[in-house]
Amino acid sequence: MIGRLSRGLSWMATGAPPAPAARSVEDVRRFVVGCGLYVNGARVDGGEDLARLYRRARRTSGAFVWLGLHEPDERQLAYVAEIFGLHPLAVEDVLQQEQRPKVERYEDSSFIVLRATQYVEHAELTDTSEVVNTGFVRIFVGDSFVVTVRQGDVGELGSVRTYLEAAPAMLAHGPWAVVHAVFDRVVDTYVDITAALQTDLDAVEAGVFTRGPSVSMEQIYQLKRELMEFKAAVVPLQRPLVVLTNGQMDTVVPTEIRRYFRDVADHHARAVDAVVNYDELLNAILQARLGQVTVDQNNDMRKIASWAAIAALQTAIAGIYGMNFDYMPELEWRYGYPGVLLVMLFSAVLLHRRLRRAGWL
């Protein structure tokens, strides 16, 4: 019923007939990056299909199913929703391309949205450099299951599964231990990226305030855009972490896991502070570069005006002696022509020296 309702909502939203739901685990196998049944922190591979694994988890104390998906389509999501009883509104949210990080509580499950990030290595910053890639990790979590849905090429969770399977004491806390591990990995990535961005900012700052070829406005603006994309991933996660740590979900999140979430929140706060400081610093660098451009333009205008003044003086002298009046001084002087040329040269040199002393040339 829930799967059919989810597809019905999608039909109303898009105006297109709903796609039929997948009918077996084979239909979703190519989207599955990991699936396992865990009992008291240990993985148990019973060989059952997804529906049987979930039924077994519900019948077994301390057991849950962890299903990992990568970019499933509507059919596969409908199939998973029917098995785990996922709320149709949460299923529809997975199909949305852009969402803010959030935590929503439904009757029998919770739905969480995270933005995963990845630093893109580059030899030097250009006006087209890609610095940060982002993607989404969406999590459905209930009493006996956790479903992680990754969208994009970043935020791989295979290493998270490997880490937790090597720490059964942590995994024994249930599905929310998986949620914490995903949060921890995403936030640790934030912290790592802030360190890498510091290097980029130092390079840009040095390029602006040192002699030699300067950093272009396009390069600074490109870094600003990449920082804003990173900021859009990091800062909105504050609210979900508050929800998970301030007691609003005490009935579903184990007490011990809440303590771990507080540690994640501390790391996240450091990342937020760094991003906010970087944003302010980059704004200051941008303003400084704009000031430099204005000064350079003023210097160019002064140089142009100085040479125009020198040329105007010569033009004035030549113009006076080109009037061809009969009664003009020195018209009959034998050395009048070279004398006027000397006057023009002397006046030009004198004006040039005075303009250089004034800093115009």
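Note that the structure is predicted; figures quoted are calculated from it, not measured.

Caption draft 1: How the structure looks around the packing of aromatic side chains. Counted under the stated rule, the structure contains eight aromatic pairs. Aromatic side chains Tyr38 and Trp66 sit 6.2 Å apart centroid to centroid with 45 degrees between the ring planes, which places their arrangement in the tilted category. In this pair, Tyr38 sits in strand E1 (residues 32-39) while Trp66 sits in strand E3 (residues 63-70), placing the two residues 28 residues apart along the sequence. By relative accessible area, which is 0% here, Tyr38 ends up buried. You can call Trp66 buried: its relative accessible area is 0%. An aromatic cluster is built from Tyr38, Phe64 and Trp66, whose rings are joined through pairwise contacts. Across from the ring centre of Phe136, 4.6 Å away, lies the NZ or CZ of Arg138, which sits over that ring. Above the ring of Trp66, the side-chain terminus of Arg161 is found at 4.0 Å from the ring centroid.

Caption draft 2: Expanded view of the nonpolar core. In this structure, Trp176 and Phe183 are the most contacted members of the largest nonpolar core, which totals 63 residues. With 16 residues, helix H8 (residues 175-209) is the single largest residue contributor to this core. Among the nonpolar cores identified, the runner-up in size contains 29 residues, and Leu53, Ala57, Ala90 and Phe145 belong to it.

Caption draft 3: Region of interest: helix H4 (residues 74-84). Taken across its eleven residues, H4 has eight buried, putting it largely inside the fold. Turning to H4, its buried residues number three or more, namely Gln76, Leu77, Ala78, Tyr79, Val80, Ala81, Ile83 and Phe84. Here H4 starts with a cap whose side-chain oxygen sits 3.2 Å from the backbone nitrogen of Arg75, and that cap is Asp73. Where H4 ends, the next residue or the one after it, Gly85, has phi of about 70 degrees, a positive value.

Caption draft 4: Seen up close, the packing of helix H6 (residues 158-165) against H8. Contact pair H6 / H8: the axes reach a minimum separation of 10 Å and the direction vectors enclose 130 degrees. Classified by the angle between their axes, H6 and H8 sit oblique to one another. Where H6 crosses over H8, the two elements pack in a sense that is right-handed. Note on element contacts: H8 touches H6 through Ala177, Val178, Ala181, Val182 and Arg185, opposite Ser159, Val160 and Leu164.

Caption draft 5: Structural context of unusual backbone geometry. A positive phi is found at Asn40, a non-glycine position, where the angle reads about 55 degrees. Locating Asn40 in the fold gives a position in the loop between E1 and strand E2 (42-44). For Glu71, which is not glycine, the phi dihedral falls at a positive 50 degrees. Relative to the assigned elements, Glu71 resides in the loop between E3 and H4.

Each value, and the rule that gives it
- Residues numbered from 1 in each chain as written.
- Predicted model: local features only at pLDDT ≥ 70, side-chain atom pairs only at ≥ 80, totals over all residues.
- Heavy atoms only, no water.
- Phe/Tyr/Trp six-rings, centres within 6.5 Å; stacked < 30°, edge-to-face > 60°.
- Helix = DSSP H or I, 4+ residues; strand = E, 2+ residues; numbered from the N terminus.
- Buried < 20%, exposed > 50% of the residue type's maximum accessible area, 1.4 Å probe, protein only.
- Lys NZ or Arg CZ within 6 Å of the ring centre and 35° of its normal.
- Core = buried A, V, L, I, M, F, W, Y, C linked by side-chain atoms within 4.5 Å.
- Polar contact = N/O pair within 3.5 Å; in protein donor to acceptor, adjacent residues only side chain to side chain.
- Axes fitted to C-alpha atoms, helices over the stretch in contact; angles between N-to-C directions.
- Parallel < 35°, antiparallel > 145°, perpendicular 65-115°, else oblique.
- Left-handed = near helix turned anticlockwise from the far one by under 90°.
- Contact = heavy atoms within 4.5 Å.

Such coordinate-based values are descriptive only and should not be taken to indicate function.
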